[in-house]
Amino acid sequence: MKKLLILFTFVLFVGLSQETYAQYTTGIGLRAGVSNGLTVKHFISEDAALEGILHTRWGGFVITGLYEVHKDISDVKGLMWFFGGGAHIGTWNAGSNRPWGDNRESATVVGLSGIIGLDYNFSDVPIGLSLDWKPTINFSGQRSWGDEVALSIRYVF
């Protein structure tokens, strides 16, 4: 995890001076990591995108909406780094072995999410890959914070 954070920090500083561009308009696919689910990313400008994530967690599900800024990494064609933030709402089932709170009760959570990651799009096939780190904080329900690392694969058009 420490090496991943160092990589993201390096990419953040290197990418600040790079030109940006979107290589696709919309991508729809699967997200796998600590939690699994669906992802839809849609570019609203050359360097900004909206991403919606629906994923399972703690025996329930969470819906997340994110605004992301994308920056080109000019040394590798098709590779961008991105960062952003947004909000989430979800439910966790009772008996789900959460590391906090009363696991005998279900919980509804609302909070904020951040995101930073890498996005790669193949030039020969309409497939994109993203690797990201998404920290979260919950303000209602069971107050807590957490994070997850996930890999997304999307059909892009």
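Structure first, text after, so check above.
Anyway, here's the lowdown on the structure attached to this text. (Residues numbered from 1 in each chain as written. Predicted model: local features only at pLDDT ≥ 70, side-chain atom pairs only at ≥ 80, totals over all residues. Heavy atoms only, no water.)

Below, the discussion takes up the nonpolar core. Core analysis: the largest hydrophobic core is formed by five residues, namely Y24, F43, A49, M80 and V156. Excluding its chain neighbours within four sequence positions, the residues that come into contact with A49 are K41, H42, F43, I44, L66, Y67, E68 and H70. (Core = buried A, V, L, I, M, F, W, Y, C linked by side-chain atoms within 4.5 Å. Buried < 20%, exposed > 50% of the residue type's maximum accessible area, 1.4 Å probe, protein only. Contact = heavy atoms within 4.5 Å.)

With that settled, the discussion passes to the pattern of salt bridges. On inspection of all chains with the given rule, the structure shows six salt bridges. Between D132 and R31 there is a salt bridge; the shortest N-O distance is 2.8 Å. Taken together, the residues span a long stretch of sequence, with D132 in strand β7 (residues 127-140) and R31 in strand β1 (residues 26-33) at a distance of 101 residues. A relative accessible area of 1% means that D132 is categorised as buried. On the basis of relative accessible area, R31 is assigned to the buried category, the value being 2%. What emerges from the salt-bridge pattern is a single network uniting R31, D132, K134 and E148. (Salt bridge = Lys/Arg side-chain N within 4 Å of Asp/Glu carboxyl O. Helix = DSSP H or I, 4+ residues; strand = E, 2+ residues; numbered from the N terminus.)

Our next topic: a nonpolar patch on the surface. Where nonpolar side chains cluster on the molecular surface, the patch consists of L30, L38, L54, F61, I63, I89, V110 and I153 and spans about 700 Å² of accessible area. Within the fold, V110 resides in strand β6 (residues 107-121). (Patch = residues over 30% accessible without salt bridge, like charges linked within 9 Å, V, L, I, M, F, W, Y side chains within 5 Å. Areas by Shrake-Rupley, 256 points an atom, 1.4 Å probe, with all protein chains shown as cover.)

This brings us to the sheet that holds β1. The strand order β1-β2-β3-β4-β5-β6-β7-β8 describes a closed barrel built from eight strands, whose pairing is antiparallel. Averaged over all pairs of adjacent strands, the angle between strand axes in this sheet comes to 25°, irrespective of strand direction. Pairing of β6 with β7, which is carried by 10 bridges, proceeds in the antiparallel orientation. Note on β7: the bridge partner recorded for S113 is T136. (Pairing = 2+ DSSP bridges. Axes fitted to C-alpha atoms, helices over the stretch in contact; angles between N-to-C directions.)

Another point: the pairing of strand β8 (residues 144-156). Of the two faces of β8, the one lined by S144, G146, E148, A150, S152, R154 and V156 is fully buried and the one lined by W145, D147, V149, L151, I153 and Y155 carries no buried residue. Here β1 pairs with β8 via seven bridges, running antiparallel. Its bridge partner lying in β8, L30 is registered against I153. Relative to β8, β7 runs antiparallel, the two sharing 12 bridges. Across the sheet, I127 pairs through a bridge with Y155, a residue of β8.

Another aspect to go through is the pairing of β1. Pairing of β1 with strand β2 (residues 37-43) involves six bridges; the strand directions are antiparallel. The residue bridging G27 from the neighbouring strand is K41, located in β2. Between the antiparallel neighbours β1 and β2 lie three residues.

If you trace the backbone, S130 turns up in strand β7. Engagement of the side chain of S130 in a polar contact is seen with the side chain of D119, the distance being 2.4 Å. At 2.9 Å, the side chain of S130 forms a polar contact with the side chain of R154. Residues in contact with S130, not counting those within four places in the same chain, are K41, F82, L118, D119, A150, L151, S152 and R154. (Polar contact = N/O pair within 3.5 Å; in protein donor to acceptor, adjacent residues only side chain to side chain.)

So, on to the layout of surface pockets. One number sums up the size of the largest pocket: a volume of about 210 Å³. The wall of the largest pocket is formed by 18 residues, among which R57, W92, T136, N138 and E148 lie closest to the centre. Of all the secondary structure elements, the ones that give two or more residues to the lining of the largest pocket are β3 (48-57), β4 (60-72), β5 (79-92), β6, β7 and β8. With five residues, the top contributor of residues to the lining of the largest pocket is β8. Grouping the amino acids of the lining of the largest pocket by side-chain chemistry returns six nonpolar, eight polar and four charged. (1 Å grid on protein atoms, 1.4 Å probe; cavity = no way out; pocket = protein on both sides within 12 Å on 5 of 7 lines; lining within 4 Å. Points joined across faces, edges and corners; volume = space filled by probe spheres on them. Nonpolar A, V, L, I, M, F, W, Y, C, P; charged D, E, K, R; others polar.)

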